[in-house]
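# Summary of the model geometry
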Amino acid sequence: MTFVQLIDCKTSRFDEMNQLVDTWLEQTGGKRSARHSLIGKDRSDASHFVEIVEFPSYEYAMRTSRLPETDQIFRDMTALCDGMPTFTDLDVVQDEQLYAATVRRFFEVIATKGDLPPLDGLLTEHYHDHDPANEQDALGMDAMRREIRVWRDGFDFAFTVEDQIAAGEQVCTRWTWNARHTGEFLGIPPTGKNVTMTGTTVFRCGADGKIVEGWWQYDRLGLMEQLGALDALET
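Numbers given to residues run from 1 along each chain, matching the order in which its sequence is written. Totals for whole chains, interfaces and linings use all residues, but because this is a predicted model, local features are given only for residues with pLDDT of at least 70 and pairs of side-chain atoms are given and counted only at 80 or more. Hydrogens and water are ignored here; the side-chain numbers use all heavy atoms of the structure.

### A look at the overall build of the protein
Applied cut-off: Helix and strand definitions here come from DSSP, where helices need a minimum of 4 consecutive H or I residues and strands a minimum of 2 consecutive E residues; each element is numbered from the N-terminal end. Buried, partly exposed and exposed residues are distinguished by accessible area as a fraction of the type maximum, computed with a 1.4 Å probe on protein chains only: under 20%, between the cut-offs, and over 50%, respectively. Should any heavy atoms of two residues lie within 4.5 Å, those residues are considered in contact. Using the Shrake-Rupley algorithm and a 1.4 Å probe, accessible areas are obtained, with residue cover drawn only from the displayed protein chains. His is not counted here, nor are the chain ends, while Lys and Arg score as positive and Asp and Glu score as negative. By convention, the charge on Lys lies at NZ, on Arg at CZ, on Asp at CG and on Glu at CD.
In terms of helices and strands, the protein carries seven helices and ten strands. Reported as C-alpha extents along the three principal axes, the dimensions of the protein are approximately 85 × 35 × 30 Å. Of all 235 residues assigned to the protein, the portion counted as buried reaches 41%. Counted over contacts in the protein with a minimum sequence separation of 6, partners at least 24 positions apart contribute 62%. For the protein, the exposed area adds up to about 13400 Å²; of that, 51% sits on carbon and sulfur atoms. Within the protein, the 40 negative side-chain charges are centred at a point lying 4 Å from the centre of the 23 positive side-chain charges.

Listed below in structure tokens is the structure:
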């Protein structure tokens with residue numbers, strides 16, 4: 001679970017403190033686990049600063065805190081503060097930006113050429129997939145990998161994300177799928193045709209940022225028409 005630490009302090013020597021942070025970053029390069037950090041200044045009090053530091057987890061944050069360089073920087077920063085800084089430790093229970101980034105990465109990964117990369121960093125082990133084209137939902141990561149493989153065996157493809165809206169734990173993505181029919185797909189031999197399809201997917205994400213559940217809607221009938229699968233029905 002993502003972990004955030006808020007460091008609240010007052011100082012009239014911010015430039016010196018900022019230089020200390022730069023020095024700490026240099027000294028701990030390759031050792032610290034913080035993946036994002038920013039400092040905000042109170043608009044109503046120029047001596048009041050809040051630093052927000054993001055870590056992959058609480059455990060990673062503790063490893064960084066135990067570095068000798070971190071201990072030294074804490075003592076030096078405290079000396080520059082007007083009083084003892086306060087620390088607030090937060091477990092992130094919702095991060096819409098993280099969820100949207102995970103979904104975008106999912107669309108990129110499943111279109112990767114060659115072997116399908118691992119999905120354990122994107123989907124939960126018990127992922128639940130809803131696709132109206134399938135009689136039964138795909139339950140579990142292995143079942144989803146088999147479903148993805150059907151499409152990868154039949155096409156070389158890529159997704160273009162047209163729109164994306166994140167709200168709470170859900171991310172809605174409108175996409176365009178462009179592909180070349182290079183292998184058998186649902187009994188249709190490869191035609192070599194270039195095809196396209198549009199659709200929308202709503203994903204629900206968990207607190208760890210992974211995708212828990214997905215609902216697909218796409219123009220499968222239009223795809224089958226492009227592949228010539230409907231020709232016999234029209235005669």
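### Focus on the packing of helix α1 (residues 14-27) against helix α3 (residues 68-80)
A pair of packed helices is captured by two measures, namely the crossing angle of their axes and the spacing between those axes. Just so we agree on the cut-off: Axis angles are defined between N-to-C directions and span 0 to 180 degrees, where every axis is a line fitted to C-alpha atoms and, for a helix, only to the segment in contact. In this scheme, roughly parallel covers angles under 35 degrees and roughly antiparallel covers those over 145, while 65 to 115 is roughly perpendicular and the rest are oblique. For this classification, Asp, Glu, Lys and Arg are treated as charged, while Ala, Val, Leu, Ile, Met, Phe, Trp, Tyr, Cys and Pro are nonpolar and the rest, including Gly, are polar.
Contact geometry of α1 with α3 gives a least axis separation of 10 Å together with a crossing angle of 175°. Compared by their axis directions, α1 and α3 come out roughly antiparallel. Only E69, T70, I73, D76, M77 and L80 of α3 make contact with α1, whose side of the interface consists of E16, M17, L20, V21, W24 and Q27. For the contact of α1 with α3, the per-class residue count stands at seven nonpolar, two polar and three charged.

### Remarks on the sheet that holds strand β5 (residues 123-130)
Worth spelling out the cut-off: Only when DSSP finds a minimum of two bridges between them are two strands counted as paired.
Taken together, six strands build an open sheet; the order of strands is β6-β5-β10-β9-β8-β7 and the sheet is mixed. Since the sheet does not close on itself, it has two edges, and those belong to β6 (138-139) and β7 (155-167), each with one partner. Bridge analysis of β7 against strand β8 (residues 170-181) gives twelve bridges, and the strand direction is antiparallel. By the bridge assignment, D163 is partnered in β8 with R174. Its contacts with the sheet put helix α5 (residues 141-154) on β5, β6, β7, β8, β9 (194-205) and β10 (211-218), and the angle it makes with β5 is roughly 60°.

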